[in-house]
Every structure is written in structure tokens, then in C-alpha cells.
Amino acid sequence: MTSQPAAADSTSYLHTPSTTPYTASTLSQCLDKQAAEPGDKEAYVVRATGAPRQSISFGQLKEQVDHLASSLIRLGLKERSKVILSGVSSIEYVVSELAIIRAGLISVRTSLTINQISQQALSRIINYNSAVALLYYPGEYGEHQEYLEKMFPALREAHSAGKVTVETLPTLQYFINMRHETSTKVMTVGNLLQQPVDPALVRNRSNGVEADDIATITYTPGSETKPKPVPDRKSVV
């Protein structure tokens, strides 16, 4: 016997086909729409134990995403290049990933933070993806930053320029701290947000993105020792 769908299921496209053609939208297109109407509506809220409530509106999110995307393009990161993203749930993480996608790049997510992954495993993921940048969460007290510098001593010489040369990571060009504070010691998202935005630069890059292009590649828990990428397209994210 075939069971009948529940009432809540009967409204899905599967059970009630629509005559309206499906039109795929990219994440950038959705962000533009939400920021325009209404821009002051909350887009993301963080409630951490013992910490004050944090939030960002769609208008603020779009402004920061466009600034960071513009700066990433100015660094010379080419369309469809891959950027490793390692962090924790935060406004900084959301801004970073949306900017990567907005800039026509591909976000490669690791399920572990910097201090939870070995140098060998991190190097394997970077090299496997021919990643051009690593955007990371430095830790509440900078402990992840110290851990990363122990793995790659060349990072200590990068300073705010962020550009480094690591012999074992031939494609990697930049280490970027995702904090929104500025720094003279390392390149941070805060430093990049201080640079003027070039709307035309971002718009041209976004216009070149198709809904079927890869937006993110996620490494699920336990797969860091052997790369097992799970891709999502821009229309799916």
C-alpha cells in the first residue's frame, strides 16, 4: 500500500506542480534583493553564552560583503579561484564567505578550526584545491594565530600585507585573519574593509557568475585526512 502525503507535504512543488517557470537566483542576487527591501531587517543574529547579542542587517551585510569582495578582487584573486575558510559561527564568518562568493571565488570550508587540524591535513586540503588564500578565525585570544604561525613560520614575516611564500604550498598567496579589527602585524578583514569599495568591480565579477557555478566546497567531519569534497552550486546555497 502506498501512503498518502501528509497535509504539510501537499503544498510542495512535487505534489502541487506550479505553472510558474523556475528561475534560479544566485546568492548575490538574493542578497541584493533583501538589502533593497528592507535593508534594515536583521540578516544574521549571534547569541553566544555569556556574550551580548550581536546582529547585522541585510543593508549592513551587503555593504561589508561588497567592500571585502572588492578588496579580494583587488588582491588579484582570479575568478573561480579557491579560498580555504576555517572558522566558527560568527558575523565575521558570514561576511567572509559571502564576500568570497560575491567575488566569484569558491569557498572551501573545513569542518575544523585551525587549532584542530594538523599541518599535514591543512596542507593537503590547500594543495588538493590549489587554493590561493586561507581565511581563518584567529581564536578568541589569538591562540589559533599562534598555532598557524608555528605550522608556517613564514606567516610571521607577512605583516599586514598578508602575502607570503610557503615552499610546500605553491599556490597559496595570502593568509587573511577574519577579524574586523585592523592590524599592522597580519592582514585582517578589518584592514580590507578600510579600503574603498569599487561597485563596478564587484558588479562585473558578480555578473560573470552563473547559477550552476560552484559556490562552496565543504569537507565533512572526519574527511580532513583524505580530501572528500562536497560541492554546492550558487543556486543551491
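This section reports on the structure supplied with the text. (Residues numbered from 1 in each chain as written. Predicted model: local features only at pLDDT ≥ 70, side-chain atom pairs only at ≥ 80, totals over all residues. Heavy atoms only, no water.)

## Considering the nonpolar core
- In this structure, Leu 61, Leu 68, Leu 72, Leu 77, Val 83, Leu 135 and Ile 176 are the most contacted members of the largest nonpolar core, which totals 35 residues.
- Sorting the residues of this core by element identifies α2 (58-74), β3 (82-86), α3 (91-102), β5 (133-136), β6 (174-177) and α6 (189-193) as the ones contributing at least two each.
- What Leu 77 contacts, discounting residues up to four positions off in sequence, is Leu 72, Val 83, Leu 105, Val 132, Ala 133, Tyr 174 and Arg 205.
- Listed in part, the 24 residues of the second largest apolar core include Ile 117, Leu 148, Ala 158 and Leu 172. (Core = buried A, V, L, I, M, F, W, Y, C linked by side-chain atoms within 4.5 Å. Buried < 20%, exposed > 50% of the residue type's maximum accessible area, 1.4 Å probe, protein only. Helix = DSSP H or I, 4+ residues; strand = E, 2+ residues; numbered from the N terminus. Contact = heavy atoms within 4.5 Å.)

## Some points on the side chain of Ser 96
- Considering the arrangement of structural elements, one finds Ser 96 in helix α3.
- Among the polar contacts made by the side chain of Ser 96, one reaches the main-chain carbonyl oxygen of Glu 92 at a distance of 2.8 Å.
- Look past the residues within four positions of Ser 96 in its chain and what remains in contact with it is Leu 68, Leu 85, Leu 135, Met 178 and Val 189. (Polar contact = N/O pair within 3.5 Å; in protein donor to acceptor, adjacent residues only side chain to side chain.)

## A closer look at the packing of helix α1 (residues 27-36) against α2
- Two elements in contact, α1 and α2, have axes whose closest approach is 8 Å; the angle formed by their N-to-C orientations is 135 degrees. By the angle between their axes, α1 is oblique relative to α2. When you trace α1 past α2, the crossing you get is left-handed. Note on element contacts: α2 touches α1 through Phe 58, Gly 59, Leu 61, Lys 62 and Val 65, opposite Leu 31, Asp 32, Gln 34 and Ala 35.
- Among the residues making up the contact of α1 with α2, the classes are represented as 5 nonpolar, 2 polar and 2 charged. (Axes fitted to C-alpha atoms, helices over the stretch in contact; angles between N-to-C directions. Parallel < 35°, antiparallel > 145°, perpendicular 65-115°, else oblique. Left-handed = near helix turned anticlockwise from the far one by under 90°. Nonpolar A, V, L, I, M, F, W, Y, C, P; charged D, E, K, R; others polar.)

## Looking at the side chain of Ser 90
- Mapped onto the fold, Ser 90 is located in the loop between β3 and α3.
- For Ser 90, a relative accessible area of 11% corresponds to the buried category.
- At a separation of 3.1 Å, a polar atom in the side chain of Ser 90 contacts the main-chain amide nitrogen of Tyr 93.

## Some words on the environment of Pro 199
- Counting through the fold element by element, Pro 199 comes out in helix α7 (residues 199-207).
- For Pro 199, a relative accessible area of 48% translates into the label partly exposed.
- Distance from Pro 199 to Ser 70, taken between C-alpha atoms, is 7.5 Å for residues 129 residues apart in sequence.

## Some points on the pattern of salt bridges
- Summed over all chains, the structure comprises 9 salt bridges.
- Put simply, Asp 32 and Arg 102 hold a salt bridge, and the shortest N to O gap is 2.6 Å. Residue Asp 32 is found in helix α1, and its partner Arg 102 is found in helix α3; the two are separated by 70 residues along the sequence.
- Counted as one network, the salt bridges with shared partners bring together Asp 32, Lys 62, Asp 66 and Arg 102. (Salt bridge = Lys/Arg side-chain N within 4 Å of Asp/Glu carboxyl O.)

## Concerning α2
- Here α2 is 17 residues long and its end C-alpha atoms lie 24 Å apart, about the 24 Å a rise of 1.5 Å per residue gives.
- For α2, the set of buried residues is Phe 58, Leu 61, Val 65, Asp 66, His 67, Leu 68, Ala 69, Ser 70, Ser 71, Leu 72 and Ile 73. (Expected span 1.5 Å × (residues − 1).)

## Let's talk about α7
- Every buried residue belonging to α7 is among Val 202, Arg 205 and Ser 206, and all of these are buried. When α7 is viewed along its axis, its buried side chains cluster within an angular range of 100 degrees and face the same direction. Facing away from the buried surface of α7 by more than 90 degrees, the exposed residues are Asn 204 and Asn 207.
- Those residues of α7 hidden inside the fold are in contact with α1, α2 and α3. (Arc of directions from axis to C-beta.)

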